[in-house]
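Each chain is listed here by its residues.
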Amino acid sequence: MAVIRGRRAFLGLAGMVFLLGALAAAWMAPVAAQSEAAPLRVVTTTAMIADGVRAIGGERLASVDSLLGEGVDPHLYKPTRADVARMLRADLIIGNGLQLEAQFQDTFDQLVRSGRSLVFAAERLPKDRLLADAAYQNKPDPHVWMDPDLWIEVMAQVRDALVAKDPAGQASYTRGYENYAERIRGLSAYAKSVLSGIPPERRVLITAHDAFGYFARAYGFGVIGIQGVSTESEAGLRRIEEVVELAVARKIPAIFVEASVSDRNVKAVVEGSTRRGHDLRIAAQIYSDSMGTPGTYEGTYLGMIDHNATTIARALGGEAPERGLNSRLGTGS
Ligand SMILES: [Zn+2]
(Lines give C-alpha, C1' and ligand atoms only; values in the text may rest on other atoms or scores of the structure.)
Protein backbone atom coordinates (compact mmCIF):
# COMPACT_ATOMS: atom_id res chain seq x y z
CA MET A 1 0.00 0.00 0.00
CA ALA A 2 2.72 2.38 1.04
CA VAL A 3 4.64 1.52 -2.10
CA ILE A 4 1.66 2.24 -4.28
CA ARG A 5 1.09 5.46 -2.43
CA GLY A 6 4.70 6.44 -2.82
CA ARG A 7 4.51 5.71 -6.48
CA ARG A 8 1.42 7.79 -6.82
CA ALA A 9 3.13 10.63 -5.05
CA PHE A 10 6.05 10.24 -7.44
CA LEU A 11 3.75 10.23 -10.47
CA GLY A 12 2.01 13.24 -9.04
CA LEU A 13 5.30 15.06 -8.82
CA ALA A 14 6.32 14.00 -12.31
CA GLY A 15 2.91 15.09 -13.56
CA MET A 16 3.37 18.44 -11.88
CA VAL A 17 6.76 18.95 -13.49
CA PHE A 18 5.25 18.03 -16.85
CA LEU A 19 2.37 20.43 -16.30
CA LEU A 20 4.73 23.24 -15.35
CA GLY A 21 6.74 22.51 -18.49
CA ALA A 22 3.59 22.61 -20.59
CA LEU A 23 2.53 25.87 -18.95
CA ALA A 24 5.91 27.40 -19.60
CA ALA A 25 5.66 26.31 -23.23
CA ALA A 26 2.16 27.79 -23.45
CA TRP A 27 3.46 31.09 -22.05
CA MET A 28 6.25 31.18 -24.54
CA ALA A 29 4.13 30.18 -27.56
CA PRO A 30 2.50 33.60 -28.20
CA VAL A 31 5.95 35.21 -28.24
CA ALA A 32 7.10 32.78 -30.93
CA ALA A 33 3.83 33.26 -32.85
CA GLN A 34 4.58 36.91 -33.54
CA SER A 35 7.61 36.14 -35.62
CA GLU A 36 6.86 32.64 -36.90
CA ALA A 37 3.75 30.70 -37.85
CA ALA A 38 0.96 30.37 -35.31
CA PRO A 39 0.73 26.68 -34.56
CA LEU A 40 -3.01 26.31 -35.16
CA ARG A 41 -4.38 22.78 -35.00
CA VAL A 42 -7.42 22.43 -37.23
CA VAL A 43 -9.81 19.46 -37.35
CA THR A 44 -12.42 19.19 -40.09
CA THR A 45 -15.23 16.71 -40.65
CA THR A 46 -14.90 16.12 -44.41
CA ALA A 47 -11.66 15.65 -46.32
CA MET A 48 -12.86 18.18 -48.91
CA ILE A 49 -12.79 20.92 -46.26
CA ALA A 50 -9.39 19.70 -44.98
CA ASP A 51 -8.00 19.98 -48.51
CA GLY A 52 -9.05 23.64 -48.60
CA VAL A 53 -7.75 24.38 -45.10
CA ARG A 54 -4.32 23.00 -46.09
CA ALA A 55 -4.26 25.04 -49.28
CA ILE A 56 -5.33 28.25 -47.55
CA GLY A 57 -3.44 27.81 -44.27
CA GLY A 58 -0.25 26.33 -45.65
CA GLU A 59 2.70 26.49 -43.28
CA ARG A 60 0.95 28.60 -40.71
CA LEU A 61 -0.94 25.55 -39.50
CA ALA A 62 0.51 22.99 -37.11
CA SER A 63 -1.85 20.27 -38.29
CA VAL A 64 -4.99 19.65 -40.34
CA ASP A 65 -6.92 16.43 -39.76
CA SER A 66 -10.21 15.28 -41.20
CA LEU A 67 -12.44 12.82 -39.40
CA LEU A 68 -14.32 11.34 -42.37
CA GLY A 69 -12.07 9.08 -44.40
CA GLU A 70 -12.24 7.64 -47.88
CA GLY A 71 -15.53 5.94 -48.76
CA VAL A 72 -17.21 6.98 -45.50
CA ASP A 73 -20.87 8.05 -45.62
CA PRO A 74 -21.06 11.36 -43.71
CA HIS A 75 -24.83 11.06 -43.28
CA LEU A 76 -24.42 7.89 -41.22
CA TYR A 77 -21.00 8.19 -39.58
CA LYS A 78 -21.02 8.47 -35.78
CA PRO A 79 -18.02 10.20 -34.17
CA THR A 80 -15.84 7.84 -32.13
CA ARG A 81 -14.23 8.68 -28.78
CA ALA A 82 -10.96 9.22 -30.62
CA ASP A 83 -12.71 11.71 -32.93
CA VAL A 84 -14.07 13.61 -29.94
CA ALA A 85 -10.60 13.67 -28.38
CA ARG A 86 -9.14 15.07 -31.62
CA MET A 87 -11.80 17.79 -31.71
CA LEU A 88 -11.11 18.68 -28.08
CA ARG A 89 -7.41 19.11 -28.83
CA ALA A 90 -8.07 21.34 -31.85
CA ASP A 91 -7.86 25.14 -31.85
CA LEU A 92 -10.49 25.30 -34.58
CA ILE A 93 -13.06 22.77 -35.80
CA ILE A 94 -14.59 23.26 -39.24
CA GLY A 95 -17.61 21.27 -40.36
CA ASN A 96 -19.73 21.39 -43.50
CA GLY A 97 -23.01 21.79 -41.65
CA LEU A 98 -26.51 21.86 -43.21
CA GLN A 99 -26.91 18.58 -41.33
CA LEU A 100 -24.49 16.68 -43.54
CA GLU A 101 -22.86 15.34 -40.37
CA ALA A 102 -26.22 14.27 -38.96
CA GLN A 103 -24.83 11.92 -36.30
CA PHE A 104 -22.45 14.59 -34.93
CA GLN A 105 -25.20 16.85 -33.56
CA ASP A 106 -24.87 15.92 -29.86
CA THR A 107 -21.08 16.12 -30.04
CA PHE A 108 -21.23 19.52 -31.76
CA ASP A 109 -23.62 20.79 -29.08
CA GLN A 110 -21.23 19.67 -26.34
CA LEU A 111 -18.23 21.26 -28.07
CA VAL A 112 -20.07 24.57 -28.35
CA ARG A 113 -21.15 24.39 -24.70
CA SER A 114 -17.54 23.84 -23.66
CA GLY A 115 -16.48 26.96 -25.55
CA ARG A 116 -14.74 25.31 -28.49
CA SER A 117 -14.36 27.19 -31.80
CA LEU A 118 -16.68 25.42 -34.22
CA VAL A 119 -17.55 26.79 -37.66
CA PHE A 120 -19.94 25.35 -40.25
CA ALA A 121 -18.55 26.67 -43.50
CA ALA A 122 -21.51 25.80 -45.76
CA GLU A 123 -24.05 27.32 -43.38
CA ARG A 124 -22.54 30.76 -43.91
CA LEU A 125 -23.52 30.78 -47.58
CA PRO A 126 -26.36 33.14 -48.53
CA LYS A 127 -29.67 31.25 -48.36
CA ASP A 128 -30.48 31.96 -52.00
CA ARG A 129 -27.39 30.00 -53.10
CA LEU A 130 -28.69 26.82 -51.46
CA LEU A 131 -30.92 24.15 -52.96
CA ALA A 132 -33.70 22.38 -51.11
CA ASP A 133 -33.21 18.66 -50.66
CA ALA A 134 -36.42 16.85 -51.57
CA ALA A 135 -35.19 13.72 -49.81
CA TYR A 136 -34.87 15.60 -46.48
CA GLN A 137 -38.15 17.49 -46.08
CA ASN A 138 -36.84 20.29 -48.28
CA LYS A 139 -34.09 21.21 -45.83
CA PRO A 140 -31.03 22.76 -47.51
CA ASP A 141 -29.07 20.26 -49.60
CA PRO A 142 -25.65 19.94 -47.90
CA HIS A 143 -23.66 18.67 -50.96
CA VAL A 144 -22.30 22.15 -51.83
CA TRP A 145 -18.81 20.94 -52.88
CA MET A 146 -20.32 19.54 -56.09
CA ASP A 147 -20.38 23.03 -57.64
CA PRO A 148 -16.83 24.44 -57.76
CA ASP A 149 -18.02 28.06 -58.02
CA LEU A 150 -20.09 27.61 -54.87
CA TRP A 151 -17.17 25.84 -53.16
CA ILE A 152 -15.01 28.93 -53.74
CA GLU A 153 -17.52 30.83 -51.58
CA VAL A 154 -17.37 28.12 -48.91
CA MET A 155 -13.57 28.41 -48.97
CA ALA A 156 -13.90 32.16 -48.34
CA GLN A 157 -15.69 31.22 -45.12
CA VAL A 158 -12.81 28.87 -44.24
CA ARG A 159 -10.35 31.73 -44.84
CA ASP A 160 -12.37 34.04 -42.60
CA ALA A 161 -12.52 31.41 -39.84
CA LEU A 162 -8.72 31.04 -39.94
CA VAL A 163 -8.23 34.82 -39.88
CA ALA A 164 -10.62 35.17 -36.93
CA LYS A 165 -8.59 32.61 -34.99
CA ASP A 166 -5.17 33.88 -36.09
CA PRO A 167 -5.44 37.56 -37.18
CA ALA A 168 -1.67 37.89 -37.55
CA GLY A 169 -1.88 35.44 -40.47
CA GLN A 170 -4.44 37.46 -42.46
CA ALA A 171 -2.14 38.29 -45.38
CA SER A 172 -0.96 34.70 -45.62
CA TYR A 173 -4.49 33.23 -45.51
CA THR A 174 -5.72 35.75 -48.07
CA ARG A 175 -2.88 34.82 -50.41
CA GLY A 176 -3.50 31.09 -49.88
CA TYR A 177 -7.18 31.57 -50.58
CA GLU A 178 -6.59 33.59 -53.76
CA ASN A 179 -4.27 30.90 -55.14
CA TYR A 180 -6.66 28.09 -54.28
CA ALA A 181 -9.68 29.96 -55.66
CA GLU A 182 -7.78 30.55 -58.90
CA ARG A 183 -7.12 26.82 -59.28
CA ILE A 184 -10.77 26.02 -58.57
CA ARG A 185 -11.85 28.60 -61.17
CA GLY A 186 -9.65 26.76 -63.68
CA LEU A 187 -11.33 23.49 -62.71
CA SER A 188 -14.76 25.09 -63.05
CA ALA A 189 -13.97 26.35 -66.56
CA TYR A 190 -12.69 22.90 -67.54
CA ALA A 191 -15.81 21.17 -66.18
CA LYS A 192 -18.12 23.61 -67.99
CA SER A 193 -16.28 23.11 -71.23
CA VAL A 194 -16.24 19.28 -71.25
CA LEU A 195 -19.79 18.87 -69.90
CA SER A 196 -21.28 21.33 -72.40
CA GLY A 197 -20.20 18.93 -75.16
CA ILE A 198 -22.74 16.34 -74.03
CA PRO A 199 -25.87 16.37 -76.25
CA PRO A 200 -28.59 18.20 -74.24
CA GLU A 201 -31.05 15.26 -74.18
CA ARG A 202 -28.36 13.09 -72.57
CA ARG A 203 -27.56 15.50 -69.76
CA VAL A 204 -29.18 13.28 -67.20
CA LEU A 205 -27.24 11.85 -64.31
CA ILE A 206 -28.75 8.60 -63.10
CA THR A 207 -27.02 7.71 -59.88
CA ALA A 208 -27.57 5.86 -56.63
CA HIS A 209 -28.04 8.77 -54.20
CA ASP A 210 -29.08 12.41 -54.40
CA ALA A 211 -25.68 14.07 -54.02
CA PHE A 212 -25.58 15.82 -57.38
CA GLY A 213 -28.18 18.59 -57.11
CA TYR A 214 -25.59 21.41 -57.16
CA PHE A 215 -23.70 19.71 -59.97
CA ALA A 216 -26.97 19.55 -61.93
CA ARG A 217 -27.72 23.23 -61.34
CA ALA A 218 -24.20 24.30 -62.31
CA TYR A 219 -24.04 22.33 -65.56
CA GLY A 220 -27.66 22.14 -66.72
CA PHE A 221 -28.23 18.47 -65.91
CA GLY A 222 -31.24 16.54 -64.79
CA VAL A 223 -30.45 14.23 -61.91
CA ILE A 224 -32.21 11.08 -60.77
CA GLY A 225 -31.25 9.42 -57.51
CA ILE A 226 -32.58 5.92 -57.02
CA GLN A 227 -31.35 5.21 -53.50
CA GLY A 228 -33.92 4.37 -50.89
CA VAL A 229 -36.35 2.69 -53.23
CA SER A 230 -36.79 -1.00 -52.57
CA THR A 231 -37.12 -3.31 -55.52
CA GLU A 232 -39.26 -5.51 -53.27
CA SER A 233 -42.14 -3.02 -53.04
CA GLU A 234 -44.64 -1.99 -55.71
CA ALA A 235 -43.60 1.65 -55.44
CA GLY A 236 -39.94 0.69 -55.72
CA LEU A 237 -40.53 -1.37 -58.85
CA ARG A 238 -42.56 1.45 -60.39
CA ARG A 239 -39.75 3.92 -59.67
CA ILE A 240 -37.17 1.62 -61.27
CA GLU A 241 -39.48 1.24 -64.29
CA GLU A 242 -39.78 5.06 -64.60
CA VAL A 243 -36.00 5.41 -64.60
CA VAL A 244 -35.71 2.64 -67.23
CA GLU A 245 -38.35 4.43 -69.33
CA LEU A 246 -36.38 7.66 -69.23
CA ALA A 247 -33.04 5.98 -70.00
CA VAL A 248 -34.54 4.21 -73.03
CA ALA A 249 -36.48 7.24 -74.33
CA ARG A 250 -33.48 9.58 -74.13
CA LYS A 251 -30.95 6.93 -75.16
CA ILE A 252 -28.90 7.64 -72.03
CA PRO A 253 -25.73 5.56 -72.49
CA ALA A 254 -24.52 5.29 -68.90
CA ILE A 255 -25.53 5.12 -65.26
CA PHE A 256 -23.20 5.98 -62.38
CA VAL A 257 -22.28 4.22 -59.15
CA GLU A 258 -20.73 5.61 -55.99
CA ALA A 259 -18.38 3.91 -53.57
CA SER A 260 -20.49 4.04 -50.42
CA VAL A 261 -23.88 3.13 -51.85
CA SER A 262 -25.38 -0.28 -52.71
CA ASP A 263 -25.57 -0.83 -56.46
CA ARG A 264 -28.59 -3.14 -56.39
CA ASN A 265 -30.99 -0.56 -57.80
CA VAL A 266 -28.42 0.49 -60.37
CA LYS A 267 -28.29 -3.12 -61.58
CA ALA A 268 -32.11 -3.33 -61.66
CA VAL A 269 -32.20 -0.28 -63.95
CA VAL A 270 -29.52 -1.75 -66.22
CA GLU A 271 -31.40 -5.08 -66.47
CA GLY A 272 -34.69 -3.29 -67.19
CA SER A 273 -33.05 -1.32 -69.99
CA THR A 274 -31.47 -4.44 -71.50
CA ARG A 275 -34.92 -6.09 -71.59
CA ARG A 276 -36.14 -3.10 -73.58
CA GLY A 277 -33.26 -3.48 -76.03
CA HIS A 278 -31.34 -0.43 -74.78
CA ASP A 279 -27.69 -0.82 -73.92
CA LEU A 280 -27.16 1.08 -70.66
CA ARG A 281 -23.76 0.56 -69.15
CA ILE A 282 -22.39 1.19 -65.69
CA ALA A 283 -19.80 3.95 -65.96
CA ALA A 284 -16.63 4.22 -63.91
CA GLN A 285 -17.26 5.16 -60.29
CA ILE A 286 -17.71 8.83 -59.46
CA TYR A 287 -17.14 10.54 -56.13
CA SER A 288 -20.04 11.92 -54.15
CA ASP A 289 -19.56 12.36 -50.40
CA SER A 290 -15.89 11.45 -50.01
CA MET A 291 -12.74 11.89 -52.06
CA GLY A 292 -10.35 9.22 -53.34
CA THR A 293 -7.38 7.69 -51.56
CA PRO A 294 -5.24 10.21 -49.64
CA GLY A 295 -2.00 10.90 -51.48
CA THR A 296 -3.52 10.34 -54.95
CA TYR A 297 -4.82 13.03 -57.32
CA GLU A 298 -8.41 11.85 -56.71
CA GLY A 299 -7.72 12.27 -53.00
CA THR A 300 -7.73 16.06 -53.53
CA TYR A 301 -10.73 18.31 -54.13
CA LEU A 302 -9.52 19.29 -57.60
CA GLY A 303 -8.82 15.68 -58.51
CA MET A 304 -12.20 14.53 -57.25
CA ILE A 305 -14.23 17.05 -59.27
CA ASP A 306 -11.95 16.69 -62.31
CA HIS A 307 -12.48 12.91 -62.20
CA ASN A 308 -16.26 13.35 -61.99
CA ALA A 309 -16.50 15.89 -64.82
CA THR A 310 -14.16 13.89 -67.05
CA THR A 311 -15.88 10.56 -66.36
CA ILE A 312 -19.38 11.95 -66.83
CA ALA A 313 -18.47 13.80 -70.04
CA ARG A 314 -16.84 10.72 -71.57
CA ALA A 315 -19.62 8.34 -70.48
CA LEU A 316 -22.49 10.47 -71.81
CA GLY A 317 -21.10 11.26 -75.23
CA GLY A 318 -19.14 14.45 -74.65
CA GLU A 319 -15.45 14.87 -75.28
CA ALA A 320 -12.88 15.05 -72.52
CA PRO A 321 -9.21 14.12 -72.41
CA GLU A 322 -8.70 10.72 -70.79
CA ARG A 323 -6.46 12.24 -68.13
CA GLY A 324 -8.77 15.15 -67.51
CA LEU A 325 -7.77 18.66 -66.51
CA ASN A 326 -4.14 17.62 -65.95
CA SER A 327 -3.58 16.65 -69.55
CA ARG A 328 -4.65 20.19 -70.51
CA LEU A 329 -2.32 21.76 -67.98
CA GLY A 330 0.39 19.37 -69.12
CA THR A 331 1.37 18.49 -65.57
CA GLY A 332 0.11 14.92 -65.21
CA SER A 333 -0.95 13.48 -61.89
ZN1 LIG B 1 -24.70 12.57 -49.49
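Residues numbered from 1 in each chain as written. Predicted model: local features only at pLDDT ≥ 70, side-chain atom pairs only at ≥ 80, totals over all residues. Heavy atoms only, no water.

Remarks on unusual backbone geometry
Note: most residues except glycine have negative phi, and most peptide bonds are trans.
Turning to step 1, where the next piece is worked out: Positive phi, close to 55°, is recorded for Leu98, a residue that is not glycine.
Turning to step 2, where the next piece is worked out: Looking at the element boundaries, Leu98 is found in the loop between β3 (92-95) and α4 (105-113).
Turning to step 3, where the next piece is worked out: Residue class for Leu98 comes out buried when judged on its relative accessible area of 13%.
Turning to step 4, where the next piece is worked out: Even without being a glycine, Gln99 presents a positive backbone phi close to 65°. (Helix = DSSP H or I, 4+ residues; strand = E, 2+ residues; numbered from the N terminus. Buried < 20%, exposed > 50% of the residue type's maximum accessible area, 1.4 Å probe, protein only.)

Quick notes on the environment of Leu130
Turning to step 1, where the next piece is worked out: Along the polypeptide, Leu130 turns up in the loop between β4 (118-120) and β5 (132-133).
Turning to step 2, where the next piece is worked out: Judged by its relative accessible area of 14%, Leu130 falls in the buried class.
Turning to step 3, where the next piece is worked out: A sequence separation of 10 residues divides Leu130 from Pro140, and the C-alpha atoms of the two residues are 6.1 Å apart.
Turning to step 4, where the next piece is worked out: Those residues in contact with Leu130 that sit more than four places away from it in its chain are Leu98, Ala122, Leu125, Pro140, Val144, Tyr214 and Arg217. (Contact = heavy atoms within 4.5 Å.)

Some details on the pairing of β3
Turning to step 1, where the next piece is worked out: The two faces of β3 match: Leu92 and Ile94 on one face and Ile93 and Gly95 on the other face are all buried.
Turning to step 2, where the next piece is worked out: The pairing of strand β1 (residues 40-44) with β3 spans 3 bridges and is classified as parallel. Among the inter-strand pairings, Val42 is bridged to a residue of β3, identified as Leu92.
Turning to step 3, where the next piece is worked out: For the segment spanning β3, α4 and β4, crossover handedness is right-handed. (Pairing = 2+ DSSP bridges. Right-handed = clockwise from strand over helix to strand, strands pointing away.)

Considerations on the packing of aromatic side chains
Turning to step 1, where the next piece is worked out: In total, this model carries 7 aromatic pairs according to the counting rule given.
Turning to step 2, where the next piece is worked out: Relative to Phe215, the ring of Phe212 has its centre 6.3 Å away and its plane inclined at 90°; by these criteria the two rings are edge-to-face. Judged on exposure class, the residue Phe212 and its partner Phe215 are both buried.
Turning to step 3, where the next piece is worked out: Arranged with centres 5.2 Å apart and planes meeting at 65°, the rings of Phe215 and Phe221 form a pair that is edge-to-face. Here Phe215 matches Phe221 in class, with each residue buried.
Turning to step 4, where the next piece is worked out: The positively charged end of Arg159 is found above the aromatic ring belonging to Tyr177, 4.5 Å away from the centroid. (Phe/Tyr/Trp six-rings, centres within 6.5 Å; stacked < 30°, edge-to-face > 60°. Lys NZ or Arg CZ within 6 Å of the ring centre and 35° of its normal.)

Thoughts on the packing of helix α6 (residues 170-195) against helix α10 (residues 301-315)
Turning to step 1, where the next piece is worked out: Interhelical geometry of α6 versus α10 gives an angle of 5° and a closest axis separation of 9 Å. In terms of orientation, α6 lies roughly parallel with respect to α10. In this structure, α6 uses Tyr180, Arg183, Ile184, Leu187, Tyr190, Ala191, Val194 and Leu195 to contact α10, whose residues at the interface are Tyr301, Leu302, Ile305, Asp306, Ala309, Thr310, Ile312 and Ala313.
Turning to step 2, where the next piece is worked out: Looking at the contact of α6 with α10, its residues break down into 13 nonpolar, 1 polar and 2 charged. (Axes fitted to C-alpha atoms, helices over the stretch in contact; angles between N-to-C directions. Parallel < 35°, antiparallel > 145°, perpendicular 65-115°, else oblique. Nonpolar A, V, L, I, M, F, W, Y, C, P; charged D, E, K, R; others polar.)

Re the environment of Ala181
Turning to step 1, where the next piece is worked out: Here Ala181 lies in helix α6.
Turning to step 2, where the next piece is worked out: Residue class for Ala181 comes out buried when judged on its relative accessible area of 2%.
Turning to step 3, where the next piece is worked out: The spacing of Ala181 and Asp149 is 32 residues in sequence and 8.9 Å in space, taken between C-alpha atoms.

What about the nonpolar core?
Turning to step 1, where the next piece is worked out: Val144, Trp151, Leu195, Phe221, Tyr301 and Ile312 are the most contacted members of the largest nonpolar core, which totals 86 residues.
Turning to step 2, where the next piece is worked out: Of the residues that make up this core, three or more belong to each of domain 1 (26-191) and domain 2 (199-329).
Turning to step 3, where the next piece is worked out: Filtering out sequence-adjacent residues up to four positions away, Leu195 remains in contact with Arg203, Phe215, Tyr219, Phe221, Ala309, Ile312 and Ala313.
Turning to step 4, where the next piece is worked out: Membership of the second largest hydrophobic core comes to 11 residues, among which are Leu67, Leu68, Ala90 and Leu111. (Core = buried A, V, L, I, M, F, W, Y, C linked by side-chain atoms within 4.5 Å. Domains from an automatic or database assignment.)

Quick word on the side chain of Thr310
Turning to step 1, where the next piece is worked out: Tracing the backbone through its elements, the reader meets Thr310 in helix α10.
Turning to step 2, where the next piece is worked out: Every residue in contact with Thr310, bar those within four places of it in the chain, is listed here: Tyr190, Ala320, Pro321, Glu322, Gly324 and Leu325.

Topic: the sheet that holds β1
Turning to step 1, where the next piece is worked out: An order of β2-β1-β3-β4 is seen for the 4 strands of this open sheet, with the pairing classed as parallel. Of all strands in the sheet, those bounded by a partner on one side alone are β2 (61-66) and β4. Averaged over all adjacent pairs, the angle separating strand axes in this sheet is 20°, with direction ignored.
Turning to step 2, where the next piece is worked out: Pairing geometry for β1 and β2, over 5 bridges, is parallel. From the neighbouring strand, Leu40 faces β2, where its bridge partner is Leu61.
Turning to step 3, where the next piece is worked out: The sheet contacts of helix α3 (residues 81-89) involve β1, β2 and β3, and relative to β1 the element is tilted by about 145°.

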